[in-house]
Amino acid sequence: MPLSHHVSSISRRGALALALAAATSGAWAQAYPSKAVRLVVGYSAGGGVDAMARLIAPRMAAALGQQVVVENRTGAAGLIAGDTVARAAPDGYTLMLGDSSLLIAQHLQPRMSFDPVKAFTPVASVFTLPLVIVVNNDVPAKTPAEFVKLLKDNPGRYSYATSGVGTVHHLGFEMLKGKTRSFVVHIPYRGAAQIVPDVMSGQVPIGVVSATSAIAQARAGKLRALAVMNPVKLAGGEDIAPLSDALPGFSAVPRLYVLAPAGTPAAIVDRLSDTLRTVMEAPDIAQVAAQQGAVPAYMPAAPLAADIVRESAEWGKVIREQGITAQ
């Protein structure tokens, strides 16, 4: 039998298999979802990530025609939730609203039960949670440039508080230290609630907090919101200059994204990503999100996958260069 006949036969079988797979995937997507979808959150009810999950869940449900249930799996800075979703069936019925802490943990916890880059199929980015550097009113710096100079000129004199080792708040400031070659002592708190009062009282001169905490107290004159770690100014934070004004290109912005287990069919991922695009384009979403200090930041699956790889590598570099270890 001529070789060309074999090649033609193989090509026909391959084309048939691809057509069958495409038809099956399309039918699956059309039938999806046929039951409730779980949106797993790694933090307790009432927190910022949970609030964003509960903001988008009913809107997703309306678009999908099925209930979207927020499920809190707390503990280990989101790793318990991550493990739950990583082990779930890749059928689109178990999703996670993940955040940058998963990517940081990968470099601090070498014995994690899952790889946060490989264990998930990215669906869409939905929000960023801008961070603000706040200072006691007695700190002389009033602009990002003055702040950078102050740190450089006074090694070891100042300390800064964050909500814990390995948080984006911590690593964002460590990135600042690395870029300015400055020495500032880190004071990890058990949570964010006490940081603002302690900065106002002078117990600690510098803090890294959410935008909502910073803006409210700065407007009251109780502290100074010195710089935002976003590369752009915040809506509602008119007087807070980006740190990138003094350090061009600087950006340390926690991102929230919806993840599915690795292997979830592309047609389902596309359906979910399109649904989230519609949700994030709602006229009122920015106003509601701003109450929790969040900014809508939709990004579809393909560019998000590349961005997650980039972000993971960036945090890994900061951790290695600054010698940060888990505590």
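Note that the structure is a prediction, hence the values are computed from the model and not measured. (Residues numbered from 1 in each chain as written. Predicted model: local features only at pLDDT ≥ 70, side-chain atom pairs only at ≥ 80, totals over all residues. Heavy atoms only, no water.)

As a further point, take the sheet that holds strand E6 (residues 159-162). Reading across from one edge, E7-E6-E8-E5-E9-E10 is the order of the six strands in this open sheet, with mixed pairing throughout. Pairing within the sheet leaves two strands with one partner each, and these edge strands are strand E7 (185-188) and strand E10 (241-242). Two strands pair when backbone bridges link them, and E6 and strand E8 (residues 206-210) are joined in this way by two bridges, in the parallel orientation. Each bridged residue has a counterpart across the sheet, and for Ala161 the counterpart in E8 is Gly207. Contacts from helix H5 (residues 144-153) reach strand E5 (131-135), E8, strand E9 (224-228) and E10 within the one sheet, and its direction differs from that of E9 by about 95 degrees. Of the strands in this sheet, E5, E6, E7 and E8 touch helix H6 (residues 168-180), which is tilted by about 150 degrees from E6. (Pairing = 2+ DSSP bridges. Helix = DSSP H or I, 4+ residues; strand = E, 2+ residues; numbered from the N terminus. Contact = heavy atoms within 4.5 Å. Axes fitted to C-alpha atoms, helices over the stretch in contact; angles between N-to-C directions.)

Attention now moves to the sheet that holds strand E11 (residues 255-261). Spatial strand order, E2-E1-E3-E11-E4-E12: six strands in an open sheet with mixed pairing. The open sheet has two edge strands, strand E2 (68-72) and strand E12 (295-300), and neither has a second partner. In this sheet, adjacent strand axes meet at a mean angle of 25 degrees when their direction is disregarded. Here three bridges tie strand E1 (residues 37-41) to strand E3 (residues 94-99), and the two strands are oriented parallel to one another. The residue bridging Leu39 from the neighbouring strand is Leu95, located in E3. Its contacts with the sheet put helix H9 (residues 266-280) on E3, strand E4 (120-128), E11 and E12, and the angle it makes with E4 is roughly 5 degrees.

Let us look at the packing of aromatic side chains. Given two aromatic rings, one states the distance between the centres and the angle between the planes to describe the pair. Taken as a whole and assessed by the stated rule, the structure comprises four aromatic pairs. Feature note: the residues Phe147, Tyr160 and Phe173 constitute an aromatic cluster, connected by ring pairs. A cation sits over an aromatic face here: Lys35 above Tyr93, 4.8 Å from the ring centre. (Phe/Tyr/Trp six-rings, centres within 6.5 Å; stacked < 30°, edge-to-face > 60°. Lys NZ or Arg CZ within 6 Å of the ring centre and 35° of its normal.)

Right, let's talk about the packing of helix H2 (residues 48-64) against H9 for a bit. At a minimum axis separation of 9 Å, H2 and H9 run at an interaxial angle of 120 degrees. By the angle class used here, H2 and H9 are oblique. Handedness of the H2/H9 crossing: right-handed. Two secondary-structure elements touch here, H2 through Ile56, Arg59, Met60, Ala63 and Leu64 and H9 through Arg271, Leu272, Thr275, Leu276, Val279 and Met280. Along the lines of polarity and charge, the residues of the contact of H2 with H9 split into eight nonpolar, one polar and two charged. (Parallel < 35°, antiparallel > 145°, perpendicular 65-115°, else oblique. Left-handed = near helix turned anticlockwise from the far one by under 90°. Nonpolar A, V, L, I, M, F, W, Y, C, P; charged D, E, K, R; others polar.)

Turning our attention to the layout of surface pockets. Space inside the largest pocket adds up to approximately 1,300 Å³. What lines the largest pocket is a set of 44 residues, and nearest its centre among them are Tyr43, Asp99, Ser163, Thr167 and His169. Secondary structure elements with two or more residues in the lining of the largest pocket: H2, helix H4 (101-108), H6, E8, helix H8 (211-219) and E11. A per-element tally of the lining of the largest pocket places H4 first, with four residues. Tallied by class, residues from the lining of the largest pocket come to 24 nonpolar, 17 polar and three charged. (1 Å grid on protein atoms, 1.4 Å probe; cavity = no way out; pocket = protein on both sides within 12 Å on 5 of 7 lines; lining within 4 Å. Points joined across faces, edges and corners; volume = space filled by probe spheres on them.)

What follows deals with the side chain of Arg224. Assignment of secondary structure puts Arg224 in strand E9. One buried charged residue, Arg224, forms no salt bridge at all, with the nearest opposite charge on Asp138 at 7.2 Å. A distance of 3.1 Å separates the side chain of Arg224 from the backbone oxygen of Asn137, its partner in a polar contact. Ignoring anything within four residues of it in the chain, the contact list for Arg224 reads Ile133, Val134, Val135, Asn136, Asn137, Val139, Ala141 and Lys142. (Buried < 20%, exposed > 50% of the residue type's maximum accessible area, 1.4 Å probe, protein only. Lys, Arg positive; Asp, Glu negative; His and termini not counted. Salt bridge = Lys/Arg side-chain N within 4 Å of Asp/Glu carboxyl O. Polar contact = N/O pair within 3.5 Å; in protein donor to acceptor, adjacent residues only side chain to side chain.)

Close inspection of predicted coordinates is inappropriate in any region flagged by low pLDDT. When pLDDT is averaged along the protein, the result is 88; 89% of the residues meet or exceed 70. Note that pLDDT drops below 50 for residues 3-25; the model gives that stretch two contacts with residues more than four away or on any other chain. (pLDDT = per-residue confidence, 0-100.)

The element E5 is largely enclosed, with a buried count of five among its five residues. With burial as the criterion, each face of E5 is covered, one bearing Leu131, Ile133 and Val135 and the other bearing Val132 and Val134. Looking at chain direction, E5 and E8 are connected through five bridges and run antiparallel. Considered in E8, the bridge of Leu131 is made with Ser210. Inspection of the sheet shows E5 paired to E9 by four bridges, in the antiparallel sense. Bridged to Val135 within E9 is Arg224.

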